[in-house]
Amino acid sequence: MQFSNPTPVESYFLKQSGHKFRYAPVEKVPIVEVSNFPAMGQVTALRFLEWVQRNPEGVISLPTGKTPEYFIRFVEYYLKNWHLPKVRELLERVEIDPGIKPKTEGLQFVQIDEFFPIMPTQHNSFFDYVQKYYLRNFGIPEDRAQLIDATQLTYPGGHSFQEVWPDLNVDLSLRVRHPKTRLERLQKESIEVVDQFCTNYEEQIRTKGGIGFFLGGIGPDGHIAFNVRGSDYFSTTRLMPTNFETQAAAATDLGGIIVAKNRLVITIGLDTIAYNPDVAAIIFAAGEAKAKIVADAVQLPAANTRPGALLQRLKNARFYITTGAALNLDARKEVTLDRKKTLSTEDVEREIIDLSLKTNTRLTQLTEKQAKADPLIKIVLKKTKKPVKELAEATSTSILNKLQTGLTDIEGETFLHTAPHHDDIMLGYLAHVVHIVRTPKNKHHFTYMTSGFNAVTNEFVLNHLQNVLNFLGSEEFLRLREEDYFNPDFKLGWTRDVYHYLDGVAARSQSIQDEAAARRLIRILLTLYEYETLETLPRRIEELQQYFENQYPGQKDLPHVQRLKGRIREWEADLVWGHYGFDTDAVHHMRLGFYKGDIFTEEPTVNRDVMPILRLMEAVKPTVVTLALDPEASGPDTHYKVLQAIAEALRLYTKKHPKAKIKVWGYRNVWYRFHPSDANIFVPVSLNSMSILHNTFHNCFASQTDAPFPSYEHDGPFSDLAQAIHVEQHQRLKINLGSDFWYNNDHPRLRATHGVLFLKEMELDEFYTRARALRDVTEHVAL
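Residues numbered from 1 in each chain as written. Predicted model: local features only at pLDDT ≥ 70, side-chain atom pairs only at ≥ 80, totals over all residues. Heavy atoms only, no water.

Visitor: Account for the overall build of the protein, naming residues and giving values.
Guide: Counting its secondary structure elements, the protein contains 31 helices and 17 strands. Taken over the C-alpha trace, the protein has a radius of gyration of 28 Å; the compact-globule value for 783 residues is 28 Å, and the two agree within 12%. Dimensions along the principal axes, computed over C-alpha positions, put the protein at roughly 75 × 75 × 60 Å. Here the protein holds 783 residues, and 59% of them are scored as buried. The contacts of the protein with a sequence gap of at least 6 include a subset with a gap of at least 24, amounting to 77%. With an accessible surface of roughly 32,100 Å², the protein has 50% of that area assigned to carbon and sulfur atoms. Distance between charge centres in the protein, computed from 92 positive and 98 negative side chains, equals 6 Å. (Helix = DSSP H or I, 4+ residues; strand = E, 2+ residues; numbered from the N terminus. Rg over C-alpha atoms; globule rule 2.2 N^0.38 Å. Buried < 20%, exposed > 50% of the residue type's maximum accessible area, 1.4 Å probe, protein only. Contact = heavy atoms within 4.5 Å. Areas by Shrake-Rupley, 256 points an atom, 1.4 Å probe, with all protein chains shown as cover. Lys, Arg positive; Asp, Glu negative; His and termini not counted. Charge placed at Lys NZ, Arg CZ, Asp CG, Glu CD.)

What follows is the structure in structure tokens.
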């Protein structure tokens with residue numbers, strides 16, 4: 001394919017990156033690489049405005065979800081501030097004519113996809129997203145938009161889709177089988193109506209000449225629009241089911257995996273995107289978690305299993321990606337490594353470990369022949385001027401030292417364990433916590449930065465409210481009421497709830513656990529609703545039941561309901577640390593204000609989000625601060641924004657206490673993995689530790705045991721995936737060190753090892769390089 005030359009905007013950002021547009025023949029699609037997530041939004045916005053300036057009546061198709069966040073923000077910013085000198089100066093630099101403001105009112109908009117069936121008025125519908133963020137914010141008239149609205153279809157007999165599908169489950173087998181009931185006959189005819197709508201939708205797009213500017217993300221299975229892995233490159237607009245990876249990614253939007261599994265989609269096809277041979281087709285991807293799927297689409301031959309590789313066939317196709325998302329692109333890795341004047345220890349270890357894994361060879365048995373056959377190792381050998389045997393032995397020794405660090409007893413430290421969400425610590429490094437909490441010479445504080453209410457389903461809360469109603473009439477409730485047990489100011493009561501529940505766990509008594517959960521929920525309700533009493537509580541519960549029964553799955557909750565769900569998550573975290581003898585005074589719930597349940601999470605602010613963390617640091621005086629160290633755009637965006645807030649709090653704390661000695665421990669759990677070269681504490685995980693993880697998770701996190709919001713990698717509880725990651729990391733180290741190292745080791749913990757968890761210990765200066773400073777992104781993205 002002869003690809004078009006980079007546009008002026010693309011040329012500017014290519015120059016900034018220092019990379020070529022395309023490293024042929026390895027890269028089969030041109031790439032514009034930028035340093036971070038906001039910068040990706042910026043280059044995409046400027047390229048869009050560049051295209052609109054030249055195509056004021058063009059056909060555009062723009063994505064939904066979280067990836068477009070900064071694209072939307074930058075487009076809005078530039079359109080509103082086109083007249084400002086600093087904006088005009090930027091436009092001149094990227095060779096966009098500042099004298100011609102793009103006229104968005106003439107654009108024709110095509111909606112890419114939609115869940116089906118879904119009401120367009122629901123805030124989690126893509127119809128609503130398009131209306132809010134594109135038509136209104138970009139100034140595109142609604143009559144210039146081709147949208148997907150299930151309510152506008154004419155179903156047989158004048159029925160609504162809710163009447164056709166009362167449970168909202170569409171059975172596509174009715175396309176090819178005879179209906180068995182009157183309702184199924186109606187459903188079969190209605191599916192035919194939807195299929196005809198899809199054909200007409202496709203025809204409308206082609207009548208327009210096809211899509212002129214297509215912007216899309218890429219899903220965990222490589223899907224473009226909702227064209228999941230296995231989609232035909234000649235596919236058109238259609239009603240279809242999705243796969244598990246796509247359903248897991250959509251679970252948060254739709255209110256849980258059960259809903260997502262039962263929801264179909266209407267999507268434009270791959271041939272819809274490619275119909276216009278001149279389409280400017282851009283896929284953007286941010287974060288290291290997308291690195292493999294991007295590399296497959298860019299480097300491997302086009303195939304149905306790689307929908308993103310469709311771009312290999314389009315002359316104006318591009319991938320806009322962050323440095324993290326470019327991590328697995330072979331030619332870029334070589335160029336980046338070769339440009340370094342000197343290689344760090346981490347650089348060398350990464351390539352040596354990878355060579356060991358690629359060749360399935362123990363580190364100390366790597367040969368010069370294997371090394372010279374690997375382009376990256378050849379660069380390492382050239383720059384270090386050392387033989388592979390010496391480098392491999394040094395890497396092996398480094399791994400042994402990291403394991404020894406993970407085995408070493410720790411005493412005299414004050415730990416401030418932090419987490420964005422309530423299960424992050426235990427999923428990340430519980431196997432290490434169970435060792436370091438055993439000595440009374442360490443102090444521990446467990447801190448949860450957000451309320452985590454998005455992880456609690458309506459059905460779960462309804463079950464717990466019913467549990468309270470059942471408890472209210474019991475003799476035990478009356479006894480506790482007499483002793484004023486439920487008074488929110490009765491501080492010891494919060495801890496007694498925890499220990500009563502754990503007594504139920506020890507006794508294998510579900511009734512005791514249910515009673516303890518009811519006690520805590522009563523206490524929560526009396527705390528949240530200031531004028532509530534035990535006498536009026538049943539009425540409040542009835543109101544809440546009615547509220548949840550009338551909510552659609554995934555609907556944003558009212559603030560007081562968010563607080564209720566958040567307190568339920570906090571109760572679960574209290575239970576975890578009660579296992580290890582910590583009362584509720586050792587567990588801190590920060591409830592940072594940036595976490596509001598919106599699709600685009602707010603940036604943390606100093607006064608609202610950083611100062612509470614700083615005050616806690618002043619009280620605790622930590623020597624070790626732990627945190628989720630996921631790269632930006634890899635994993636939930638909450639993780640990175642919490643990291644930013646903690647970094648700012650540490651800057652302020654150490655400015656006030658310059659002699660404070662603080663280390664930072666970074667951990668990762670189910671969203672992204674450390675490469676062994678990037679971690680420096682390797683903690684052996686035994687079957688016993690895995691059992692503790694499993695039991696603690698299932699005993700404490702009742703809201704998560706059914707995995708309502710799973711990872712796309714595993715259809716089940718997060719604790720199962722965390723264990724699988726530990727096992728996977730151990731299996732790789734077995735290749736690096738050899739199986740006999742583990743089986744014949746003198747240390748009993750190493751002989752008992754069946755998994756390994758990785759941690760990254762950092763001095764503050766190193767940590768700060770991993771956290772983008774809090775600031776107005778639209779004002780400060782570097783160019």
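Visitor: Account for the environment of Pro 117, with residues named and values stated.
Guide: Counting through the fold element by element, Pro 117 comes out in the loop between β4 (113-116) and α5 (126-138). Expressed as a C-alpha distance, the spacing of Pro 117 and Glu 543, which sit 426 residues apart in the sequence, is 28 Å. Other than its neighbours up to four places away in sequence, Pro 117 contacts Phe 161, Leu 168, Val 170 and Arg 263.

Visitor: Give a description of the sheet that holds strand β17 (residues 753-762) that names residues and reports values.
Guide: Within the open sheet, the seven strands sit side by side as β13-β12-β11-β14-β15-β17-β16. Their pairing is mixed. Because the sheet does not close on itself, it has two edges, and the strands there are β13 (587-589) and β16 (681-686). With strand direction ignored, the average angle separating the axes of adjacent strands in the sheet is 25°. In this structure, strand β11 (residues 414-419) lies alongside strand β12 (residues 443-448), joined through six bridges in parallel fashion. Within β12, the residue paired with Thr 418 across the bridge is Thr 447. (Pairing = 2+ DSSP bridges. Axes fitted to C-alpha atoms, helices over the stretch in contact; angles between N-to-C directions.)

Visitor: Pulling in residues and values, what's your account of the packing of aromatic side chains?
Guide: Tallied over the entire structure, the rule returns 38 aromatic pairs. Between Phe 682 and Phe 758 the ring centres are 4.4 Å apart and the planes differ by 35°, which places this aromatic pair in the tilted class. You can see Phe 682 sitting in strand β16 and its partner Phe 758 sitting in strand β17, a full 76 residues away along the chain. On the basis of relative accessibility, which here comes to 0%, the residue Phe 682 falls in the buried class. We classify Phe 758 as buried; its relative accessible area is 4%. Taken together, Phe 48, Trp 51, Phe 71, Phe 109, Tyr 129, Tyr 133, Tyr 134, Phe 138, Phe 213 and Phe 600 form an aromatic cluster joined through their ring pairs. In this arrangement the basic side chain of Arg 523 is found over the ring face of Trp 494, its NZ or CZ atom lying 5.6 Å from the centre. In this structure, Arg 651 is placed above the aromatic ring of Tyr 768, and the distance from its NZ or CZ to the ring centre is 4.6 Å. (Phe/Tyr/Trp six-rings, centres within 6.5 Å; stacked < 30°, edge-to-face > 60°. Lys NZ or Arg CZ within 6 Å of the ring centre and 35° of its normal.)

Visitor: I'd like a description of the pairing of β4, backed by residues and values.
Guide: Of the two faces of β4, the one holding Asp 113 and Phe 115 and the one holding Glu 114 and Phe 116 are both buried throughout. Looking at chain direction, β4 and strand β8 (residues 264-267) are connected through four bridges and run antiparallel. When the sheet's bridge partners are listed, Phe 115 is paired in β8 with Val 265.

Visitor: A description of the packing of helix α20 (residues 491-506) against helix α21 (residues 510-528) should follow, citing residues and the corresponding values.
Guide: Here α20 crosses α21 at 160°, and the two axes come no closer than 7 Å. Of the possible angle classes, the one that applies to α20 and α21 is roughly antiparallel. By crossing handedness, the relation of α20 to α21 is classed as left-handed. Across from Gly 493, Trp 494, Asp 497, Val 498, His 500, Tyr 501, Gly 504 and Val 505 in α20, the residues of α21 making contact are Ile 512, Gln 513, Glu 515, Ala 516, Ala 517, Arg 519, Arg 520, Arg 523, Ile 524 and Thr 527. Taken together, the residues of the contact of α20 with α21 break down into eight nonpolar, five polar and five charged. (Parallel < 35°, antiparallel > 145°, perpendicular 65-115°, else oblique. Left-handed = near helix turned anticlockwise from the far one by under 90°. Nonpolar A, V, L, I, M, F, W, Y, C, P; charged D, E, K, R; others polar.)

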